[in-house]
Amino acid sequence: MTLLSAAILLFLVMDPLGNIPFFISALKPVPPQRQFRVMVRELIIALGVLVVFLFAGRYILAVMHLREPALGVGGGVILLLIALRMIFPGGEGSSGEAVSGEPFIVPLAIPYVAGPSALATELLIMSKEPTRWAEWLAALLLAWAVSSVIILASARLGRLIGPKGLIAIERLMGMLLVTVAVQMMMDGVKTFLTTP
């Protein structure tokens with residue numbers, strides 16, 4: 001996996017375009033003059049969680065005695081579930097949280113930006129080639145930066161693209177993620193069958 005392909009994969013699982021309606025909805029109780037500041041704060045918190053998990057995740061796996069094939073299949077299953085929710089969404093956000101007042105950490109930072117699919121994906125990337133940690137960190141920062149720009153412009157993008165446009169883009173991203181998830185599961189099974 002290259003730096004660019006890792007960044008694209010992380011961008012897809014962060015799903016900033018699909019999260020635009022959820023950000024707009026969660027920020028309704030917040031005064032308009034504070035919304036930008038709240039979004040910046042939540043994005044920085046999400047980045048902190050993602051960076052910590054990128055470096056600490058493999059030690060958590062080691063303590064739990066989990067091997068790469070299990071991570072590949074498990075990460076693929078999580079991605080598949082997230083992708084299916086993107087293609088066939090319910091009536092609420094991905095966290096199912098009802099937000100009252102100013103949101104703090106939940107649900108904007110976690111799980112909208114630093115969700116289970118993003119954490120599982122970066123864990124899988126890092127566990128395969130931990131010596132390339134600088135590239136994976138750069139890929140994470142790139143994906144987060146592009147996602148942040150989209151989320152910070154969420155109100156404008158929501159008006160520009162419109163609800164139907166946002167839905168169409170999210171469905172397309174979901175279909176791409178389904179193929180990535182299936183590939184991750186196949187790779188996990190293949191590694192398990194070929195490892196003595």
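Parameters and conventions
- Residues numbered from 1 in each chain as written.
- Predicted model: local features only at pLDDT ≥ 70, side-chain atom pairs only at ≥ 80, totals over all residues.
- Heavy atoms only, no water.
- Core = buried A, V, L, I, M, F, W, Y, C linked by side-chain atoms within 4.5 Å.
- Buried < 20%, exposed > 50% of the residue type's maximum accessible area, 1.4 Å probe, protein only.
- Helix = DSSP H or I, 4+ residues; strand = E, 2+ residues; numbered from the N terminus.
- Contact = heavy atoms within 4.5 Å.
- Salt bridge = Lys/Arg side-chain N within 4 Å of Asp/Glu carboxyl O.
- pLDDT = per-residue confidence, 0-100.
- Axes fitted to C-alpha atoms, helices over the stretch in contact; angles between N-to-C directions.
- Left-handed = near helix turned anticlockwise from the far one by under 90°.
- Nonpolar A, V, L, I, M, F, W, Y, C, P; charged D, E, K, R; others polar.
- Phe/Tyr/Trp six-rings, centres within 6.5 Å; stacked < 30°, edge-to-face > 60°.

Asker: Which parts of the structure should I look at to understand the nonpolar core?
Answerer: In a soluble, globular protein the nonpolar side chains are often hidden away together inside. Counting 50 residues, the largest nonpolar core has F23 and L177 as its most contacted members. Taken together, the elements giving at least two residues each to this core come down to helix 1 (3–14), helix 2 (16–26), helix 3 (32–63), helix 4 (68–87), helix 5 (108–113), helix 6 (116–128), helix 7 (133–152) and helix 8 (154–194). Setting aside anything within four residues of it in sequence, one finds F23 in contact with M39, L108, Y112, V113 and I151.

Asker: Sorry if this is basic, but what is going on with the pattern of salt bridges here?
Answerer: All chains considered together, the criterion is met by five salt bridges. Its salt-bridge partner being E102, residue R34 comes within 2.8 Å of it at the nearest N-O pair. Note that R34 is positioned in helix 3 and E102 in the loop between helix 4 and helix 5, a separation of 68 residues in sequence. The partner of E42 in a salt bridge is R41, with the nearest N and O atoms 3.0 Å apart. Here the salt bridges do not stand alone but share partners, grouping R34, R41, E42 and E102 into one network.

Asker: For this particular structure, what's the right way to read the environment of L137?
Answerer: Among the secondary structure elements, L137 is positioned in helix 7. Distance in space between the C-alpha atoms of L137 and E122 is 9.3 Å, their sequence separation being 15 residues. If we ignore the near neighbours within four places in the chain, the residues touching L137 are V51, L54 and F55.

Asker: Looking at this structure, I do not really get unusual backbone geometry. What am I missing?
Answerer: Glycine aside, a negative phi is what most residues show, and trans is what most peptide bonds show. Looking along the chain, the bond that leaves V106 and enters P107 is cis, with omega of 0°. With omega at 10°, the peptide bond leading from I110 into P111 counts as cis. Structurally, the position occupied by P111 is in helix 5. Phi is positive for D15, which is not a glycine, with a value near 50°. Mapping D15 onto the fold places it in the loop between helix 1 and helix 2.

Asker: I tried to follow the confidence of the model for the protein on my own but got confused; where do I start?
Answerer: Atom-level detail of predicted coordinates should not be read off regions where pLDDT is low. Summing up the model confidence of the protein, the mean pLDDT is 85 and the portion of residues at 70 or higher is 95%. At the low end of the mean pLDDT range in the protein sits helix 4, at 80; at the high end sits helix 7, at 96.

Asker: What is the right way to read the packing of helix 2 against helix 7 from this model?
Answerer: How two helices pack is summed up by the angle between their axes together with the distance between the axes. Close contact between helix 2 and helix 7 brings their axes to 9 Å; oriented N to C, the two are set at 35°. Crossing angle aside, the handedness with which helix 2 passes helix 7 is right-handed. Of the residues in helix 7, those touching helix 2 at P16, L17, I20 and F23 are S147, I150 and I151. For the contact of helix 2 with helix 7, the residue count by class is six nonpolar, one polar and no charged.

Asker: Where do I start with the environment of L123 in this structure?
Answerer: Residue position: L123 is located in helix 6. For L123 and L54, which are 69 residues apart along the polypeptide, the C-alpha to C-alpha distance reads 5.9 Å. If near-sequence neighbours (up to four positions away) are discounted, L123 is found in contact with F53, G57, R58, L61 and L71.

Asker: Honestly, the packing of aromatic side chains in this entry has me stumped. Any pointers?
Answerer: The geometry of an aromatic ring pair comes down to the distance between the two centres and the angle between the two planes. Inspection of every chain in the model, using the stated rule, returns two aromatic pairs. Between F23 and Y112, the aromatic rings sit 6.1 Å apart at their centres with planes inclined by 45°, giving tilted as the arrangement. One end of the pair, F23, is in helix 2; the other, Y112, is in helix 5, with 89 residues separating them in the sequence. A relative accessible area of 0% places F23 in the buried class. The class of Y112 is buried, set by a relative accessible area of 6%. Ring centres 5.8 Å apart and planes at 65° place the aromatic pair F55 and W133 in the edge-to-face group.

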